[in-house]
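The chain contents come next:
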Amino acid sequence: GAEVSKAHTPQGDFITVICLDDYHYHDRKGRKVANVTALDERANNFELMAAQVKALKEGKAIMKPIYNHDTGEHDPSELIEPNHLIVIEGLHPIYDARVFDMCDLSVYMDVADEVKLSWKIQRDMAERGHTLENILASIEARKPDFAKFVDPQKKKADIVLNILPTKLVPDDKENKYLRVQMIQREACNSFSKVSIFDEGSTIDWVPCGRKLACSYPGIKFHYGPDVYHGEEVSILEMDGVVEKLDEMIYVESHLNNTATKFYGELTQQLLKNPNAPGTSNGTGLFQTLIALKMREVYEKKTGRVVIPGQPMN
């Protein structure tokens, strides 16, 4: 609920969100000359990134570079003031060991190849006029660098948001429906793990019925312990979509350790952006839960209490 500016880097009275693309060494033309993709570690200024994240964490202002995605060039640097909560997002948020060690909570979004292709086709063909051949060639060209520099970060993240094709609809080639997992690393003590009904049990739950309206293909939840890249985790999964968003309160009432401040806060937050992509499926639900976990970690680390609707001093 914090007020946030609409500048290149959103800065609010509580939270600042920094895009790490701003630390690209080269502009778009320069990457072609250097024959590197933006995913390659050589294309990113990790020294400056680490130094500026450290400064912000120490309560110091920085002059941060700006990478302009519209022009593919660098714009003049901007002043970033320290804030209560700093979010860094992009291709390499926990790639550099120095930056990773400064993160109080790390989250990785892992999108299955089939879903990623559907999203990219929708964006690049429908909105940017690219051909399918160009899109596929672009994906193939980036795969080696993605596998080397980006994908390994999920192995050490505290939370992985795993976006997969649905199991409810056979041959959903457009990936209209999604199965989404919130994978929570048990070794991380910074936050309490979200569960359904009984923490530590293995549960499959189909909530459709009198208290939750479900049109085709319905909704299915799963929760239970598992192992992810050698780490013990708990996985909360939602497959399908919610027909009436306000009825998410029924699901919320069966979740444990959500870190909400009052009954219905999770549903209230979802209802604030009802038309945002993913709001009615697991991406919206779990991103909102992750935001609540960020607040939980902030309170635990600082000893301060965040009161919804009230500004922080």
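One structure accompanies this document, and this report is about it.

Calculation notes
- Residues numbered from 1 in each chain as written.
- Predicted model: local features only at pLDDT ≥ 70, side-chain atom pairs only at ≥ 80, totals over all residues.
- Heavy atoms only, no water.
- Pairing = 2+ DSSP bridges.
- Helix = DSSP H or I, 4+ residues; strand = E, 2+ residues; numbered from the N terminus.
- Axes fitted to C-alpha atoms, helices over the stretch in contact; angles between N-to-C directions.
- Contact = heavy atoms within 4.5 Å.
- Disulfide = S-S within 2.5 Å.
- Buried < 20%, exposed > 50% of the residue type's maximum accessible area, 1.4 Å probe, protein only.

### Looking at the sheet that holds strand S10 (residues 219-228)
Thinking step 1. Read from one edge of the open sheet, six strands run S5-S6-S7-S11-S10-S9, paired in mixed fashion. Of all strands in the sheet, those with a lone pairing partner are strand S5 (107-111) and strand S9 (203-205), marking the two edges. The average angle at which neighbouring strand axes cross in this sheet is 20°, direction not considered.
Thinking step 2. When strand S7 (residues 178-185) meets strand S11 (residues 231-240), the two strands line up antiparallel, connected through seven bridges. From the neighbouring strand, Gln181 faces S11, where its bridge partner is Glu237.
Thinking step 3. Each of S5, strand S6 (159-165), S7, S10 and S11 touches helix H8 (residues 282-302); the most contacted strand, S7, lies at about 25° to it.

### Looking at the state of the cysteines
Thinking step 1. Overall, the coordinates contain one disulfide when judged by the stated rule.
Thinking step 2. The disulfide that involves Cys208 links it to Cys214, with 2.1 Å between the sulfurs. With the S-S dihedral at roughly -85°, the linkage between Cys208 and Cys214 falls on the left-handed side.
Thinking step 3. Classification of Cys214 by relative accessible area gives partly exposed; the value is 25%.

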